[in-house]
Amino acid sequence: MFKTVLMIEKALSDADVELVTTLHGEEKVSFVVLMQPRGKQDELLRALDDVALGHLDKVVHEHDETESTPTLASESLAHSLRHLQAADAEATGEVVEANPLERLREVVERTGADEVLVLTSPHFVEEFFHRDWASQARHKVGVPVLKLFASDS
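This write-up is about the structure you can find in this document.

Reading the values: the criteria
- Sequence order as written defines residue numbering, which begins from 1 separately in each chain.
- The model is predicted, so local features are restricted to residues of pLDDT at least 70 and side-chain atom pairs to those at 80 or more, both for listing and for counting; the totals for chains, interfaces and linings are taken over all residues.
- As a rule here, side-chain values cover all heavy atoms of the structure and leave hydrogens and water aside.
- In this text, helices come from DSSP runs of H or I with a minimum length of four residues, and strands from runs of E with a minimum of two, each type numbered from the N-terminal end.
- Only protein chains enter the accessibility calculation, which uses a 1.4 Å probe. A residue is then buried if its area is under 20% of the maximum for its type, exposed if over 50%, and partly exposed in between.
- In what follows, residue pairs with any heavy atoms lying within 4.5 Å of each other are defined as contacts.
- For every accessible area listed, the method is Shrake-Rupley and the probe measures 1.4 Å; residues are considered covered only by the protein chains on display.
- Helix span, expected: 1.5 Å multiplied by one less than the number of residues in the helix.
- The directions from the helix axis to the C-beta atoms form the arc being described.
- Any pair of N or O atoms that falls within 3.5 Å is considered a polar contact. Within protein, one atom must be able to donate a hydrogen and the other to accept it, and sequence-neighbouring residues count only if both atoms are side-chain atoms.
- In this text, buried Ala, Val, Leu, Ile, Met, Phe, Trp, Tyr and Cys residues form a nonpolar core when linked through side-chain atoms within 4.5 Å.

As for the overall build of the chain
Part 1: Each helix and strand counted, the chain has 7 helices and 5 strands in total.
Part 2: When the helices and strands of the chain are read in sequence order from the N terminus, they spell out β-α-β-α-α-α-β-α-β-α-α-β.
Part 3: Looking at the chain as a whole, 44% of its 153 residues are labelled buried.
Part 4: Look at the contacts in the chain between residues 6 or more apart in sequence, and 81% of them connect residues 24 or more apart.
Part 5: Total accessible area computed for the chain in this model is approximately 8,200 Å², and 55% of it derives from carbon and sulfur atoms.

Take a look at the structure:
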């Protein structure tokens, strides 16, 4: 069985589940999902990303989002785990409140993971400066790190 640690920032869509569960063909996959929602500290970076992508309507309504609330993060994680399990994958997970990259390293070591998948929306400012999760994770874990973009649905 292939062991994957999956870092996400929002609930998985059907397209996301299909993407991550079919990466290894017919091989059975086990996931440990680390849900770390984007917090208040990232509002400026998200606004800059939205401007770069031409999503000006999102910039205006950024403060209306409540994605960082613990209840919503827990519900998003539960939703994601149910969908992974429905796709015949083993899946457990947790909401990560602080230090997501340190927690990632700990989980990779504890589980003997074969890889890390980072599934996020594009974050152009962070990526340009190599401050995104995938870039930083490559220096913290001793397994391959693959960055994938989450679907917009």
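Resuming the write-up.
Description of helix α5 (residues 100–111)
Part 1: In this model, α5 (12 residues) spans 16 Å end to end at C-alpha, consistent with the 16 Å of a helix rising 1.5 Å per residue.
Part 2: Those residues of α5 not exposed but buried are Pro100, Leu101, Leu104, Val107, Val108 and Thr111. Viewed end-on, α5 has its buried residues packed into an arc of 120°, placing them on one side of the element. Turned more than 90 degrees away from the buried face of α5 sit Glu109 and Arg110, all of them exposed.
Part 3: Downstream of α5 by a residue or two, Gly112 has a phi angle that is positive, lying close to 65°.

Let's talk about the environment of Glu115
Part 1: Looking at the element boundaries, Glu115 is found in strand β4 (residues 115–120).
Part 2: Sequence separation between Glu115 and Leu6 is 109 residues, and the spatial gap between their C-alpha atoms is 8.7 Å.
Part 3: Filtering out sequence-adjacent residues up to four positions away, Glu115 remains in contact with Phe2, Lys3, Thr4, Val5, His24, Val143 and Pro144.
Part 4: Among the polar contacts listed, one links the side chain of Glu115 to the side chain of Thr4, at a separation of 2.9 Å.

A closer look at the nonpolar core
Part 1: Residues Leu6, Val20, Phe31, Val33, Leu84 and Leu119 are the most contacted members of the largest nonpolar core, which totals 20 residues.
Part 2: Looking at this core, the elements with two or more residues in it are β1 (2–8), α1 (14–21), β2 (29–35), α4 (70–86) and β4.
Part 3: With residues up to four places along the chain from it excluded, the contact list for Val20 reads Leu6, Phe31, Leu84, Leu117, Leu119 and Leu148.
Part 4: Counting 16 residues, the second largest nonpolar core, distinct from the first, contains Val107, Val108, Val141 and Val145.

What to know about α1
Part 1: Taken as a whole, α1 has its buried residues at Asp16, Val17, Val20 and Thr21. Down the axis of α1, the sector holding all buried residues measures 115°, keeping them to one side. Set apart from the buried face of α1 by more than 90 degrees, the exposed residues are Asp14 and Glu18.

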